[in-house]
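Residue strings, one per chain:
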Amino acid sequence: MKKDIFGIQVEYQFEPKLDPDFLPFAPFIDSYLKTARLPFAIALERENQQIQVFETFIHGSEFYQLADHLFVERLIKFFLWARGGFRLYICGSKEIYEFITKVYSSSGQRSFDDNFMSKVYDQPFEVVYRDYDQRPKPNQDSVSIGRNLDGCRIGFDAGGSDRKVSAVINGEPVYSEETIWNPKITSDPTYHLEGIMDSFRKAAAHLPRVDAIGISSAGIYVANQTKVASLFLKVSDEDFQKTIKNIYIDAAKAIGPDIPIVVANDGDVTALAGAMSLQKNGVLGIAMGTSEAGGYVDPAGKITGWLNEFAFTPVDLSPHATIDEWSGDIGCGVKYFSQDGVIKLCQAAGIDLPEKATPAEKLKVVQTLIEQKDQGATAIFETIGIWLGYTMKLYRMFYDAEEVLLLGRVVSGEGGNIILHKTKEILAKEYPNLPMNISLPSEKNRRIGQSVAAASLPSIKKLKCSD
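The rules we used
- Position numbers for residues count from 1 along each chain, tracking the sequence in the order it is written.
- Side-chain atom pairs in this predicted model are given and counted only at pLDDT of 80 or more, local residue features only at pLDDT of at least 70, and totals for whole chains, interfaces and linings cover all residues.
- By convention in this description, side-chain values take in all heavy atoms of the structure and omit both hydrogens and water.
- Helix and strand assignments follow DSSP, with helices taken as H or I runs no shorter than four residues and strands as E runs no shorter than two, numbered in order from the N terminus.
- Based on C-alpha atoms, the radius of gyration is set beside the globule rule, defined as 2.2 Å times the residue count to the power 0.38.
- Only protein chains enter the accessibility calculation, which uses a 1.4 Å probe. A residue is then buried if its area is under 20% of the maximum for its type, exposed if over 50%, and partly exposed in between.
- Contacts between residues were defined by any pair of non-hydrogen atoms, one from each residue, lying within 4.5 Å.
- Accessible surface is estimated by sampling points in the Shrake-Rupley manner with a 1.4 Å probe; for residues, cover comes only from the protein chains shown.
- We treat two strands as partners when DSSP finds at least two bridges between them.
- To obtain an axis, a line is fitted to C-alpha atoms, over the contacting stretch when the element is a helix, and the angle between two such axes runs from 0 to 180 degrees between their N-to-C directions.
- By definition in this entry, angles of less than 35 degrees are roughly parallel, angles greater than 145 are roughly antiparallel, angles of 65 to 115 are roughly perpendicular, and the rest are oblique.
- Throughout, a crossing is termed right-handed when the near helix is turned clockwise from the far one, and left-handed when it is turned anticlockwise from it by less than a right angle.
- Gly is placed with the polar residues, together with every amino acid not listed as nonpolar (Ala, Val, Leu, Ile, Met, Phe, Trp, Tyr, Cys and Pro) or charged (Asp, Glu, Lys and Arg).
- We define a nonpolar core as any set of buried Ala, Val, Leu, Ile, Met, Phe, Trp, Tyr and Cys residues linked to one another through side-chain atoms lying within 4.5 Å.
- Here a Phe, Tyr or Trp ring, Trp counted by its six-membered ring, pairs with any other such ring whose centre lies within 6.5 Å, and the pair is stacked when the planes are under 30 degrees apart, edge-to-face when over 60, and tilted otherwise.
- Over a ring means this: the NZ of a Lys or the CZ of an Arg is within 6 Å of the ring centre and within 35 degrees of the ring normal.

> How should I be thinking about the overall build of the chain in this particular structure?
A tally of helices and strands in the chain yields 14 helices and 17 strands. Computed over the C-alpha atoms, the radius of gyration of the chain is 22 Å, within 12% of the 23 Å expected from 2.2 N^0.38 for a compact globule of 467 residues. Along the first, second and third principal axes, the C-alpha set of the chain runs to 70 × 55 × 40 Å. Residues classed as buried in the chain amount to 58% of the 467 residues present. A separation of at least 24 residues holds for 69% of the contacts in the chain among residues at least 6 apart in sequence. Carbon and sulfur atoms form 49% of the exposed surface of the chain, whose accessible area is close to 19600 Å².

Here is the structure:
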């Protein structure tokens, strides 16, 4: 099929029947770049003068101005949430620079992004101009963490509906427990701290000593400090600074004053777990649950420190795309690759959901129907597979990863198999030369692998302990 968007003829083969307005970003990029000739670059700077650069082309003409604006703004949005940064460089077009400066400002259309990045990096977000030949040079300081299996370790995984903890001795879990909790709806920070401490103490009771603590947690963490995390959404700013900012550091000190800890985003730990189980590097993890999360282990086996916040990355250019209530943007991953994506398709699929049910309960209704071979439920997961197939090309543009793991409750059961099959079909027919192997990990790797990976984050300088 072919769709015109600001003079760009976008061509692609598969239209999801439950979402006919879907206009995938990746085919638009391919079509746009066929006629763009003016060299152009964007760059992002984050902590420790680390800089990521994305090289591309634009048209730079009045006829294609709206297409240029759409291409660059959506490209920046994806790059910003994939990498993170407090300084955005526009290199090669002052007209584009002036446009982006207005959009990405505290009062502009992307004020959410401006404010969010300012909070993460503790300094104002800014947009600066450089001539193309004066564009910044890349500077990446990847971190080699994880895969440390020596000694007696605690691995902790903090999720939005449960917390998991494991006691690990020389790479083997000797104790694991899941505990239901509700951090997202609780404003008292004592609840969060006591819950974390409870898990730590239970694991410590199964170890002769604690040599290290590794923590996998939803959110953004810098130097083991909490910067932004939906887990603590209801906690006041005052309590956040007083308790939550150093919550994992303080909890670890209560177990032992000199115990090394590492706190990492749960997406990165998921990718690390996958890399460890596959015994490969260059692994991208995509978790589809309450939201959409990502993680990445580079070809050298290192964690990059990038944001990998796929929930906010644009995947659909349709002007009728679903609005994300939090950021105010449209067409972003959270409304496609999470339980929200399943729920929003139910009306088109002819599926009635219990009005008072939680999103997780609504997802379960659809997953039950898929086990009963319901055609509407099948169409929902096929639609998600089409969305994901085109978006995989987009992820591959930003991540050097030949292995992709799909995780989260949305891809559990038969629905996950349908998504995987349709995604592979899209890639085989649209992008047959794209090096990318996509898989669903085993249940053991989802649970035990994650615990061992989290526990393996810190390095220690102690002898191994025995069972």
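> Whenever I open this one, the sheet that holds strand 3 (residues 38-46) confuses me. Can you help?
The strands that make up a sheet pair up through hydrogen bonds in the backbone, lying either parallel or antiparallel. A sheet is described by the order of its strands in space; here 4 strands give the open sequence 4-3-5-6, paired in mixed fashion. A strand with exactly one partner marks an edge of an open sheet, and here the two such strands are strand 4 (50-58) and strand 6 (126-130). Across this sheet, the average inter-strand angle for adjacent strands is 20°, counted without regard to direction. Bridge count between strand 5 (residues 87-91) and strand 6: 5 bridges; the pairing is parallel. Bridge pairing in strand 6 links isoleucine 90 to tyrosine 129.

> Which parts of the structure should I look at to understand the packing of helix 2 (residues 65-83) against helix 3 (residues 94-103)?
Direction vectors running N to C along helix 2 and helix 3 enclose 55°, while the axes themselves pass 11 Å from each other. The angle between the axes of helix 2 and helix 3 places the two elements in the oblique class. Judged by the sense of rotation from one axis to the other, the crossing of helix 2 with helix 3 is right-handed. Only Glu95, Ile96, Phe99, Ile100 and Val103 of helix 3 make contact with helix 2, whose side of the interface consists of Gln65, Asp68, His69, Val72, Glu73 and Ile76. Across the contact of helix 2 with helix 3, the residue classes break down as 6 nonpolar, 2 polar and 3 charged.

> Could you clarify how one ought to interpret the environment of phenylalanine 125 in this entry?
By secondary structure assignment, the location of phenylalanine 125 is in the loop between helix 4 (111-121) and strand 6. According to the relative accessible area criterion, phenylalanine 125 is buried, its value standing at 8%. Those residues within four positions of phenylalanine 125 in sequence are excluded, and the remaining contacts are Leu80, Gly85, Phe86, Arg87, Leu88, Tyr104, Asp114, Met117 and Ser118.

> I tried to follow the nonpolar core on my own but got confused; where do I start?
Counting 96 residues, the largest nonpolar core has Phe28, Ile380, Met392 and Leu406 as its most contacted members. Looking at which element gives the most residues to this core, the answer is helix 12 (residues 375-398), with 13 residues. Contact partners of leucine 406, with chain neighbours within four places excluded, come to Ile286, Met288, Leu388, Met392, Val411, Leu420, Ile438, Ser439, Leu440 and Pro441. Of all hydrophobic cores here, the second largest spans 33 residues; its members include Ala204, Ile213, Ile215 and Tyr221.

> When you look at the packing of aromatic side chains in this model, what are you seeing that I'm missing?
Aromatic ring pairs are defined here through the distance separating the ring centres and the angle between the ring planes. Scanning the model with the defined rule gives 34 aromatic pairs in all. Here tyrosine 97 and tyrosine 129 contribute two aromatic rings whose centre-to-centre distance is 5.8 Å and whose plane-to-plane angle is 55°, an arrangement assigned as tilted. Pair noted here: tyrosine 97 is in helix 3 and tyrosine 129 is in strand 6, with a separation of 32 residues, a long-range link. According to the relative accessible area criterion, tyrosine 97 is partly exposed, its value standing at 24%. The structure contains a cluster of three or more aromatic residues connected by ring pairs, namely Phe54, Phe78, Phe79, Tyr296, Trp306, Phe310, Tyr395, Phe398 and Tyr399. Over the aromatic face of tryptophan 306 sits the side chain of arginine 83, whose NZ or CZ is 3.6 Å from the ring centroid.

> Help me out: how do you make sense of the sheet that holds strand 17 (residues 437-439) in this one?
Read across the sheet, 4 strands follow the order 15-14-16-17 without closing on themselves; strand pairing throughout is mixed. Strands with a single pairing partner mark the edges of an open sheet, and in this sheet they are strand 15 (292-297) and strand 17. On average, adjacent strands in this sheet sit at an angle of 15° to one another, irrespective of strand direction. Helix 8 (residues 266-278) contacts strand 14 (283-288), strand 15 and strand 16 (403-407) of the sheet and is inclined by roughly 50° relative to strand 15. In this fold helix 13 (residues 413-430) packs onto strand 16 and strand 17, with an angle of close to 170° to the strand it touches most, strand 17.

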